[in-house]
Amino acid sequence: LHVTGFYIVLWYALNVGYNVFNKRTCNTFPYPWTVGTLSLGAGLVYALALWGSGTRRVPSLESSDLSKLLVIAVLHSIGHFGAVISMSAGAVSFTHIVKAAEPVFSTILSGIIMGDWAPWQVNATLIPIVAGVALASAKELSFTWAAFGGAMISNLAFALRSIYMKRAMKDKEANAAKGLTTANLYAVYTIMAFVLSIPVAVAMEGADLVANWSLVTAQTPVSQLARLNFLTGIFFYLYNEFASLALGNLNAVAHAVCNTVKRVVIMVAINIAFQQSMSNQAMLGSAIAIGGTLLYALVKDMVTKRKAAKKDE
């Protein structure tokens, strides 16, 4: 229990750190595609250090593993860039309000792809999520279509990633034999996402960055830019790793509660760090949306347990 609590504290702290440094980096260095790519690259440095030192087993990958992980890597990069662009285009708190709608995408996509349609009780809990996001967005001072669109694309990509991750993790014995633990899977598809992102970042911002490099470095020293991007990337990688470690030790209800509290902690911390304020309507909408995500998870867990109990009868 103490170990799980330690993981949760680190997960929250690192997540707040990532959101703060990501926003500061994007404000100082307004090239979100480059920032996002460098954040993924930090995972390569971290993973190679662990594998090279023998701290963590090097996974043995087969071609079938690589093809599965390639799909996950593409979705991971899309979801990551959607969130980065959203946070660079608007308030971080607004991004997290919109990202509370991820269960809507998960429910619909699970039905379409897996044929696993949720019962009406679960679907009903999506109503306050949609209503809350709509209410919070309606008069949000920091609303921009880029911020809203980026967050929604991130929701779609991460919901798809979760579905394909379940497929990749299906054969736990085979994965364990190859050293494909949750941490190693995350490391491999993050590295793949980094490699895939390089040509995209070059195409989107390469020419502009080269043309304006002297102006950018005149305003901010290269050493500071390197430090900001490195810290953003390390915080990003580690918060995801500790989230996996924490959630692996929690049941569905505790998982739902922790995810809900996490979003509230991030929004409060970000508003304090950047001295931002939210309108009463935005606060009400975000409370409804975040509460809806908790209700969704609790009802889904209850329905799943009932189904399992009926099968055992």
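Residues numbered from 1 in each chain as written. Predicted model: local features only at pLDDT ≥ 70, side-chain atom pairs only at ≥ 80, totals over all residues. Heavy atoms only, no water.

Section: the pattern of salt bridges
- A complete count under the given rule lists 3 salt bridges for this structure.
- Across the pair Lys178 and Asp65 runs a salt bridge, and its minimum N-O distance is 3.0 Å. Separated by 113 residues along the polypeptide, Lys178 in the loop between α9 (172-177) and α10 (182-219) and Asp65 in helix α3 (residues 63-89) bring together distant segments of the chain. (Salt bridge = Lys/Arg side-chain N within 4 Å of Asp/Glu carboxyl O. Helix = DSSP H or I, 4+ residues; strand = E, 2+ residues; numbered from the N terminus.)

Some details on the confidence of the model for the protein
- The predicted model of the protein has a mean per-residue pLDDT of 86, with 95% of residues at 70 or higher.
- No element of the protein has a lower mean pLDDT than helix α12 (residues 252-273), which averages 75, and none a higher one than helix α2 (residues 32-53), which averages 95. (pLDDT = per-residue confidence, 0-100.)

Describing empty space enclosed by the protein
- The final tally for this structure, using the stated rule, is 1 cavity of 30 Å³ or more.
- A volume near 50 Å³ is recorded for the largest cavity.
- Every residue along the wall of the largest cavity is listed here: Asp65, Lys68, Leu69, Ala168, Asn175, Leu180 and Leu185.
- The biggest single contributor to the lining of the largest cavity is α3, with 3 residues.
- In terms of residue class, the lining of the largest cavity is built from 4 nonpolar, 1 polar and 2 charged. (1 Å grid on protein atoms, 1.4 Å probe; cavity = no way out; pocket = protein on both sides within 12 Å on 5 of 7 lines; lining within 4 Å. Points joined across faces, edges and corners; volume = space filled by probe spheres on them. Nonpolar A, V, L, I, M, F, W, Y, C, P; charged D, E, K, R; others polar.)

As for the side chain of Asn271
- With respect to the secondary-structure elements, Asn271 resides in helix α12.
- Among all residues touching Asn271, those that are not within four sequence positions of it are Ser93, Gln276 and Met278. (Contact = heavy atoms within 4.5 Å.)

Side note on the environment of Phe235
- By the element assignment, Phe235 lies in helix α11 (residues 222-247).
- Taking the C-alpha atoms as reference points, Phe235 and Gly206, 29 residues apart in sequence, are found 25 Å from one another.
- Residues in contact with Phe235, not counting those within four places in the same chain, are Leu14, Gly17, Tyr18 and Phe21.

Topic: the packing of helix α4 (residues 92-99) against helix α8 (residues 145-168)
- Running from N to C, α4 and α8 point in directions that differ by 40°, and their axes come no closer than 9 Å. When the axis of α4 is compared with that of α8, the two are oblique. Judged by the sense of rotation from one axis to the other, the crossing of α4 with α8 is right-handed. Only Ala147, Phe148, Ala151, Met152, Ser154, Asn155 and Phe158 of α8 make contact with α4, whose side of the interface consists of Phe94, Thr95, Val98 and Lys99.
- Taken together, the residues that form the contact of α4 with α8 break down as 7 nonpolar, 3 polar and 1 charged. (Axes fitted to C-alpha atoms, helices over the stretch in contact; angles between N-to-C directions. Parallel < 35°, antiparallel > 145°, perpendicular 65-115°, else oblique. Left-handed = near helix turned anticlockwise from the far one by under 90°.)

Points about the layout of surface pockets
- The space that makes up the second largest pocket amounts to roughly 190 Å³.
- Together, 14 residues line the second largest pocket, and Trp33, Ser77, Ile78, Phe81 and Val200 are the ones closest to its centre.
- Of all elements in the fold, only α3, α8 and α10 reach the threshold of two or more residues within the lining of the second largest pocket.
- For the lining of the second largest pocket, a count of residues per class yields 9 nonpolar, 5 polar and no charged.

Details of helix α7 (residues 126-138)
- Across its 13 residues, α7 extends 18 Å between first and last C-alpha, which sits within 8% of the 18 Å expected from 1.5 Å per residue.
- All of the buried residues in α7 are Leu126, Ile129, Gly132, Val133, Ala136 and Ser137. On an axial view of α7, the arc spanned by its buried residues comes to 130°, and they lie on one face. For α7, the exposed residues lying more than 90 degrees away from the buried face are Ile127 and Ala138. (Expected span 1.5 Å × (residues − 1). Buried < 20%, exposed > 50% of the residue type's maximum accessible area, 1.4 Å probe, protein only. Arc of directions from axis to C-beta.)

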